[in-house]
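Residue strings, one per chain:
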Amino acid sequence: MKPFISKYFIFLLTLLFLLNSCNSTRTALFDQYSYEKTIELKVETANLINKASTPYSCNKQEIENLRLKIEKLIEYEKNKPYNEISFEMWKALNDNERNLLAGFFKDWEQKETESKSFIIESKNQILEAFDLLIQYEIKKDKESKDNLLQIINLKN
Amino acid sequence: MEKEKILETLKAELKVLIAKNYKDLKPQLEKDFNAFLEASKEKLERWTVLYSSGNLTNEEFEWLLKSQLDLTSLQALQAAGISKIKLNTIKNNIIEMIIKIITDIIILRIK
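Below: a short report on this structure. Just so it is clear, the model here is predicted, and its values are computed rather than measured.

A separate point is the overall build of chain A. For chain A, the helix and strand inventory stands at 6 helices and 0 strands. Taken from the N to the C terminus, the helices and strands of chain A come in the order α-α-α-α-α-α. Burial statistics for chain A: of 156 residues in total, 37% are counted as buried. Sequence separation of 24 or more characterises 76% of the internal contacts of chain A that already satisfy a separation of 6 or more. Working note: accessible area of chain A is about 9300 Å², and carbon and sulfur atoms make up 58% of it.

The interface of chain A with chain B comprises 27 residues on the first partner and 23 residues on the second. Taking both partners together, chain A and chain B bury about 2200 Å²; carbon and sulfur atoms supply 61% of that area. The three residues of chain A that bury the most area against chain B are Asn99(A), Glu121(A) and Gln125(A), which together make up 29% of that side's buried surface. Counting every contact that joins chain A to chain B gives 4 salt bridges. The partner of Lys111(A) in a salt bridge is Glu60(B), and the shortest N-O contact between them spans 3.8 Å. At the boundary of chain A and chain B, one finds 11 residue pairs in polar contact (both at pLDDT 80 or more). Elements represented by at least two residues in the side of chain A that touches chain B include exactly helix 4 (84–93), helix 5 (101–111) and helix 6 (116–155) of chain A. In terms of residue count, helix 6 of chain A provides more of the side of chain A that touches chain B than any other element does, 13 residues in total.

We now examine the packing of helix 2 (residues 32–49) of chain A against helix 5 of chain A. Residues and elements named next belong to chain A. In contact at an axis separation of 12 Å, helix 2 and helix 5 are set at 20° when each is read in the N-to-C sense. Accordingly, the angle class assigned to the pair helix 2 and helix 5 is roughly parallel. Considering only the axes of helix 2 and helix 5, their crossing is left-handed. Contacts from Thr45, Leu48 and Ile49 in helix 2 reach Leu101, Phe104, Phe105 and Trp108 in helix 5. Class assignment for the residues of the contact of helix 2 with helix 5 results in 6 nonpolar, 1 polar and no charged.

A few words now on the packing of aromatic side chains. The tally for this structure, following the rule as stated, stands at 11 aromatic pairs over all chains. Ring centres of Tyr56(A) and Trp108(A) lie 5.6 Å apart, and the angle between their planes is 85°; this geometry places the pair in the edge-to-face category. Of the two residues, Tyr56(A) is situated in helix 3 (residues 56–78) and Trp108(A) in helix 5; the sequence distance between them amounts to 52 residues. Neither Tyr56(A) nor Trp108(A) differs from the other in exposure class; each is buried. Clustering of aromatic rings is evident, with ring pairs tying together Tyr56(A), Phe104(A), Phe105(A), Trp108(A), Phe118(A) and Trp63(B). A cation over a ring is seen here: Lys111(A) above Phe118(A), with NZ or CZ 4.8 Å from the ring centre.

What follows deals with the pattern of salt bridges. All chains considered together, the criterion is met by 17 salt bridges over all chains. The partner of Lys106(A) in a salt bridge is Glu97(A), with the nearest N and O atoms 3.4 Å apart. We note a salt bridge from Glu121(A) to Arg46(B), for which the minimum N-O separation is 2.8 Å. Of the two residues, Glu121(A) sits in helix 6 while Arg46(B) sits in helix 2 (residues 26–52), which places them in two different chains. Of the residues examined, Glu121(A) reaches a relative accessible area of 5% and is grouped as buried. Put simply, Asp107(A), Lys111(A), Glu114(A) and Glu60(B) are held in one network by salt bridges that share partners.

We now examine the nonpolar core. Formed by 59 residues in total, the largest nonpolar core has its most connected members in Trp90(A) and Phe104(A). Filtering out sequence-adjacent residues up to four positions away, Trp90(A) remains in contact with Thr38(A), Leu41(A), Ile70(A), Leu73(A), Ile74(A), Glu77(A), Phe130(A) and Leu133(A).

Residue and element names in this part refer to chain A. One non-glycine residue with positive phi stands out, namely tyrosine 82, at about 55°. Checked against the element boundaries, tyrosine 82 lands in the loop between helix 3 and helix 4. A positive phi angle, near 75°, is found at glutamate 112, a position not held by glycine. Here glutamate 112 lies in the loop between helix 5 and helix 6. Overall, the relative accessible area of 29% leaves glutamate 112 in the partly exposed class.

The rules behind these values
- Residues numbered from 1 in each chain as written.
- Chains lettered and ligands numbered in written order.
- Predicted model: local features only at pLDDT ≥ 70, side-chain atom pairs only at ≥ 80, totals over all residues.
- Heavy atoms only, no water.
- Helix = DSSP H or I, 4+ residues; strand = E, 2+ residues; numbered from the N terminus.
- Buried < 20%, exposed > 50% of the residue type's maximum accessible area, 1.4 Å probe, protein only.
- Contact = heavy atoms within 4.5 Å.
- Areas by Shrake-Rupley, 256 points an atom, 1.4 Å probe, with all protein chains shown as cover.
- Buried area = accessible area lost by both parts, 1.4 Å probe.
- Salt bridge = Lys/Arg side-chain N within 4 Å of Asp/Glu carboxyl O.
- Polar contact = N/O pair within 3.5 Å; in protein donor to acceptor, adjacent residues only side chain to side chain.
- Axes fitted to C-alpha atoms, helices over the stretch in contact; angles between N-to-C directions.
- Parallel < 35°, antiparallel > 145°, perpendicular 65-115°, else oblique.
- Left-handed = near helix turned anticlockwise from the far one by under 90°.
- Nonpolar A, V, L, I, M, F, W, Y, C, P; charged D, E, K, R; others polar.
- Phe/Tyr/Trp six-rings, centres within 6.5 Å; stacked < 30°, edge-to-face > 60°.
- Lys NZ or Arg CZ within 6 Å of the ring centre and 35° of its normal.
- Core = buried A, V, L, I, M, F, W, Y, C linked by side-chain atoms within 4.5 Å.

Dropping the structure here:
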């Protein structure tokens, strides 16, 4: 009976330690919804930027629709626990004063049309920012799996 | 060869700028901007070619450089976490310096 109690006690202690470590790193768990939505928005963004050689005013409705979708996702990310990094990344992408997605829309609106070379190069930059968000979400999945595996291995 | 020369000049000029104006932050800044230049090497070369051939305007070139700094800060955010990120005001000075150096080199080459 005694060895069983001590084994059980060690397991509980390790579990508490692991839970505490998860808390201290403050990383949210992988979220399939965030992952899928980010990919969806990346594709929509790429299609929209391709149209930047045509006047902003002709694409205004589509741009506003995309911005609304992004704002909804940012609100979702903001309210997830321990999700500060993803939230900050989204805010940067959607900041008019930075040179990423919102900054591109601002520039497009000011110029009315963009040059071909600039469309290609700025699109690469913006899609790279989306990739960072996607990779970060995937990383959360790996961390969650690793933590789970550790717990399972300890149990055995 | 010309592209390599631009990057080497950039590095050297930035070193001087940092040593002159940001003494206290020198080690960290030098490390950050060497990493920035190294990570942006291919893009800087491509944008410089597009800029010098007139396919990118001055504003577009500047916009792309700033976007690269924003991307670098996103990467740092991912890697180091929020507490270690300091968004600095030095960035604009550095960008101006990069543009000036590249512009000077291009103007010199045209002359």
